[in-house]
Amino acid sequence: MNAPIYINVAIAVPIDQTYTYQVPETFKDSCFTGVRVMVPFGRQTLSGYCLEFTDDPPVDKIKCIFDVLDETPLFYPDMVPLFKWMARYYCFPIGQVVKSCLPDGLSVITANTAKITPAGRKKLLSENMNPVEQKVLQYLDKGQQPLKNIQKHFKNKVPMSCIRRLERHLYVQIEKKEIRGAAAPKCIQYARFNPGCQFKPDSVTSRQQELIQMIRHAGEISVADIRKQGFSSQILKTVHQKGFLEFFDKELYRDPFGETIPPDTYLPIPTKHQATAIQTIENRIGQGFQVYLLYGVTGSGKTEVYMRITNAAISKSRTALILVPEIALITQVERQFRARFGDCIAVLHSRLSNGERFDQWMRIVRKQATIVIGARSAIFAPLENIGIIIVDEEHDASYKQSTQFRYHGRDVAAMRGKMADAVVVLGSATPSIQNYYHGMQHKYQILQLPNRIHNRPMPVIQVVDLKQNVGMRGMRRIITPELEHALKKNYENNQQSLLFLNRRGFATLPVCVQCGETMMCKNCDIAMIFHKNIHAYKCHYCGFTRPHNTQCPNCATGELKKLGYGTQRLEQDVSALIPDARVTRLDQDTTQKKDPLSTYSKNCGIIKLISWLARK
DNA sequence: AGCACGCCGACT
DNA sequence: GTCGGCGTGCTC
Ligand SMILES: [Zn+2]
Ligand SMILES: [Zn+2]
């Protein structure tokens, strides 16, 4: 008789505790740290995460797990101490910590689902029944529904007791149902010639023979491609039934960017400071935990340092994790890394679809990707044996999650690095005070890149006091003579100009000509912004809109004057100022696409990017 | 978070 | 009596 196996399970409920379950013999070979398990929890059945094995159960009454949901663990055991640390440090229930660290769309939800019974259908015909119950039965007659949906459908007007009464009278049956998340590896059906068959050309029609020839020629080909070549699904079915070809599923890797990037052909020679930084970090990889603060001015070539030290980690058989604050920047960094490292890169960020994110996650778990580039949540990527964690633009506030589980990506990075004996590199041209202090205290080591690459001079900065424009109207308040001159000079020299303005929209201040009040959002107490493209006022906080001809809500009759200067207006005015220049606006309204910076890096013509990139 | 239990007032 | 509203406590 083997000793019973116990596991500690974290369940995504707001309870600051794990629970111990027994693993029955049937699951002893499939239950690992990092898989999800279905467990009985009170009267419910929930999915939980297997965190660790244990020998001594804390209480006497130990239940058994019902099922193991994953073949492959979703994370490696070395994440468990990090989960526990985060749960304590950020005061967040451990089950929900684990849940928020894993990609969305995996959670299996079990819902109490109500289903109408034959007796219920009969009752529905008899007509003499409580109207509320009748409505519920009619609703369920169209198909079974989770209890929550019933509540939602009837706007909480149906008391639970009513449903329970229906159950008691056996008009409905209530049982627990699993609703699986949508994210599963996307598979494509492929066909190939069945090598085991005895192919007799005279046993098929000429069209069927064409198909077989084509498939034999191709080796393997997706069913979708076969259909594209004009073969019907019927003919495919027939040939399959005759045993000449076989179908198989191939997992599709959804490349979020789908483009091939030519490899780097030459390596830039590092500057003296770069070389020192690279050497220092490289020597440390594999020698234990250390945080470096890479303090490099803009244009000093931090990315080159990142790539060199990533390469060092890879050649020491370790993995690398690169955190970038903005999704827009991920694309840039990814392109450079892909050019040097090829396909062993996974990308994780919030704009991937659940399916794409799941694919990337599993590529990392299966060690098909050893370099991960991503935004904040990528710090939880299931990499094993991490050699280096790089946090680019370390000072950036978007590393701090500001809802729910309020972790700080940069601090978690430091802790993960510490637990994994990895090297952590925090890069910034303007380090955060906290980390600079750590550097001064020699807790972190500061590496400086004081010069720009190729000894390019630092940009000339001229501060222009806008107070000199106080009396001006329209664009002259914003575009000073100095700026106009600089823009025109750039245009004549065939160079780009970038203009930054931290106000989205066209007019940012709708003021009533009659009473002088500013029109605020009725929900949010901030000014409504006029947007030219939708020709309406919009609240940037809640999205509430009002039509363009809205009258002052305060005095009800006053016209609104569109004051204040936003990016759309700047775009219009600059176009008027230099009519031949190509002007592109880059703000949240135009940046929704996955690759906003591509135009920026490709076009060397005369482009003005009027924008506010950094933060909403 | 669910879900039970239990107590109490408002109805048949 | 019974229904249902809500406060309290538990979940391996
Ligand atoms: Zn008014
Ligand atoms: Zn609003």
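You'll find the structure just up there.
This structure is a prediction, so every number in the text was calculated from the model and none was measured. As a convention, each chain's residues are numbered from 1 in the sequence order in which they are written. Key to labels: chains lettered from A, ligands numbered from 1, both in the order written. Whole-chain, interface and lining totals are the exception, using all residues; otherwise, since this is a predicted model, local features are given only for residues with pLDDT of at least 70 and side-chain atom pairs are given and counted only at 80 or more. In computing side-chain values, all of the structure's heavy atoms are included and hydrogens and water are not.

Novice: Talk me through the overall build of chain A; I want residue IDs and the actual numbers.
Specialist: Numbering of helices and strands runs from the N terminus; a helix is a DSSP stretch of H or I covering at least four residues, while a strand is a stretch of E covering at least two. Scanning chain A for helices and strands turns up 18 helices and 27 strands. Per-residue accessibility, obtained with a 1.4 Å probe over protein chains only, is compared with the maximum for each type, and a residue is labelled buried under 20%, exposed over 50%, and partly exposed between these values. For chain A, the proportion of its 616 residues judged to be buried stands at 45%. Contact criterion: two residues are considered in contact whenever any of their non-hydrogen atoms come within 4.5 Å of each other. Of the contacts formed within chain A by residues at least 6 apart in sequence, a portion of 71% connects residues at least 24 apart. Areas reported here follow the Shrake-Rupley algorithm with a probe of radius 1.4 Å; residue values treat only the protein chains shown as occluding. If you sum the accessible surface of chain A, you get close to 32800 Å²; carbon and sulfur atoms cover 51% of it.

Novice: Please provide a residue-by-residue account of the sheet that holds strand 6 (residues 67–68), values included.
Specialist: Across a sheet, strands are paired by hydrogen bonds formed along the backbone, either parallel or antiparallel in direction. At least two DSSP bridges between two strands are needed for those strands to be called paired. Taken in spatial order, the six strands make up an open sheet running 5-2-1-4-3-6, and their pairing is mixed. For this open sheet the edge positions go to strand 5 (63–64) and strand 6, each flanked by a neighbour on one side alone. When strand 2 (residues 19–23) meets strand 5, the two strands line up parallel, connected through two bridges. The residue of strand 5 that forms the bridge with Gln22 is Cys64.

Novice: Account for the coordination of the zinc ion (ligand 1), with residues named and values stated.
Specialist: Surrounding the zinc ion (ligand 1) are the protein donor atoms Cys512 (SG), Cys515 (SG), Cys552 (SG) and Cys555 (SG), at 2.2 to 2.4 Å. For Na, K and Ca the donor cut-off is 3.2 Å, and for all other metals it is 2.8 Å, counting N, O and S atoms only; because water is absent from this set, sites may look incomplete. Any site counts as irregular unless it has four donors with all angles between 85 and 135 degrees, making it tetrahedral, or four or six donors with opposite ones more than 155 degrees apart and the rest between 65 and 115, making it square planar or octahedral. For the zinc ion (ligand 1), the four donor atoms are set out with angles of 105 to 120° between them, so the coordination reads as tetrahedral. Accessibility expressed as a relative area gives 3% for Cys552, which makes it buried.

Novice: Pulling in residues and values, what's your account of the coordination of the zinc ion (ligand 2)?
Specialist: Taken together, Cys521 (SG), Cys524 (SG), Cys539 (SG) and Cys542 (SG) make up the protein donors of the zinc ion (ligand 2), found 2.2 to 2.3 Å from the metal. Classification of the site at the zinc ion (ligand 2) rests on its four donor atoms, whose angles at the metal span 103 to 114°, yielding the label tetrahedral. Sequence spacing of the donors to the zinc ion (ligand 2): C-x2-C-x14-C-x2-C. Judged by its relative accessible area of 1%, Cys539 is buried. Judged by its relative accessible area of 38%, Cys542 falls in the partly exposed class.

Novice: Mind laying out the environment of Asp587, listing which residues take part and the relevant values?
Specialist: Inspection of the secondary structure assignment puts Asp587 in the loop between strand 26 (582–586) and helix 18 (598–602). Its relative accessible area of 0% is what places Asp587 among the buried residues. Taking the C-alpha atoms as reference, Asp587 lies 9.3 Å from Asn502; in sequence the two are 85 residues apart.

Novice: How would you explain the pairing of strand 18 (residues 423–428) if you had to name every residue and give the values?
Specialist: With six of six residues buried, strand 18 is to be regarded as a mostly interior element. Burial along strand 18 is two-sided: Val423, Val425 and Gly427 and Val424, Leu426 and Ser428, pointing in opposite directions, are all buried. Two strands pair when backbone bridges link them, and strand 13 (residues 290–296) and strand 18 are joined in this way by six bridges, in the parallel orientation. Residue pairing for strand 18: Gln290 is matched across the bridge by Val423. By the bridge criterion, four bridges tie strand 17 (residues 386–391) to strand 18 in an arrangement that is parallel. Following the sheet pairing, Ile388 is matched in strand 18 by Val423.

Novice: Which residues make up the nonpolar core, and what are the values?
Specialist: Residues enter a nonpolar core if they are buried and are Ala, Val, Leu, Ile, Met, Phe, Trp, Tyr or Cys, with the set joined through side-chain atoms within 4.5 Å. In this structure, Phe83 and Met86 are the most contacted members of the largest nonpolar core, which totals 52 residues. The element that contributes the greatest number of residues to this core is helix 1 (residues 80–89), accounting for six residues. Source of the domain bounds: an automatic or database domain assignment. Of the residues that make up this core, three or more belong to each of domain 1 (5–102) and domain 4 (272–455). Met86 has contacts with Cys91, Val97, Cys101, Phe380, Phe405 and Val412, leaving out every residue within four places of it along the chain. Core analysis: the second largest hydrophobic core is formed by 31 residues, Ala312, Phe341, Val423 and Val425 among them.

Novice: Which residues make up the packing of aromatic side chains, and what values do they have?
Specialist: For this analysis, a ring pair means two rings from Phe, Tyr or Trp (six-membered ring only for Trp) whose centres lie within 6.5 Å, classed as stacked if their planes differ by under 30 degrees, edge-to-face if by over 60, and tilted for the remaining angles. For the structure on display, the rule yields 13 aromatic pairs. Centroid distance Tyr295 to Tyr436: 5.9 Å. Interplanar angle 85°. Geometry classified as edge-to-face. Pair noted here: Tyr295 is in strand 13 and Tyr436 is in helix 15 (residues 433–440), with a separation of 141 residues, a long-range link. Overall, Tyr295 belongs to the partly exposed group, its relative accessible area being 25%. Relative accessible area serves as the criterion here: at 32%, Tyr436 is assigned to the partly exposed category. Within the aromatic cluster, the residues linked to one another by ring pairs are Trp85, Tyr89, Tyr90, Phe92, Phe380, Phe405 and Tyr407. When the ring centre of Phe193 is taken as reference, the NZ or CZ atom of Arg216 above it lies at 4.1 Å. Geometrically, a charge over a ring is one whose NZ (Lys) or CZ (Arg) sits within 6 Å of the ring centre while staying within 35 degrees of the ring normal. Above the ring of Phe530, the side-chain terminus of Lys562 is found at 4.8 Å from the ring centroid.

Novice: Requested: an account of the protein's contact with DNA strand C, with residues and values cited.
Specialist: We call a residue near a molecule or strand as soon as one heavy atom of that residue lies within 4 Å of the molecule or strand. Taken together, 15 residues sit near DNA strand C, with Thr20, Gly42, Lys61, Lys63 and Arg165 positioned nearest. For DNA strand C, the fraction of protein-proximal atoms (within 4 Å) that sit in sugar or phosphate groups is 47%. Between DNA strand C and Pro40 there is a distance of 3.2 Å, counted from a phosphate oxygen to a backbone nitrogen or oxygen. Contact between DNA strand C and Lys63: a phosphate oxygen at 2.2 Å from a side-chain N or O atom of the residue. Mapped by element, the contributors of at least two residues to the surface near DNA strand C are strand 2, strand 3 (36–41) and helix 6 (160–168). Top contributing element to the surface near DNA strand C by residue count: strand 2, with three residues. Across the surface near DNA strand C, the residue classes break down as eight nonpolar, four polar and three charged. Residues adjacent in sequence count toward polar contacts only when both atoms are side-chain atoms; beyond that, a polar contact is any pair of N or O atoms within 3.5 Å, and within protein one must be able to donate a hydrogen and the other to accept it. For this scheme, ten residues count as nonpolar: Ala, Val, Leu, Ile, Met, Phe, Trp, Tyr, Cys and Pro. Four count as charged, namely Asp, Glu, Lys and Arg, and the remainder, Gly too, count as polar.

Novice: Before we move on, can you summarise helix 16 (residues 481–492) with the specific residues and values?
Specialist: Helix length check: helix 16 (12 residues) gives 16 Å between terminal C-alpha atoms against 16 Å at 1.5 Å per residue, within 8%. At the C-terminal side of helix 16, Asn494 shows a positive phi close to 60°. Helix span, expected: 1.5 Å multiplied by one less than the number of residues in the helix.

Novice: For unusual backbone geometry, give the residues involved together with the corresponding values.
Specialist: The backbone phi angle of Gln404 is positive, close to 45°, even though this residue is not glycine. With respect to the element layout, Gln404 can be found in the loop between strand 17 and helix 14 (409–419). With a relative accessible area of 67%, Gln404 lands in the exposed category. Phi at Asn494 is positive, roughly 60°, even though this residue is not glycine. Here Asn494 is to be found in the loop between helix 16 and strand 20 (497–500).

Structural measurements only, silent on function.
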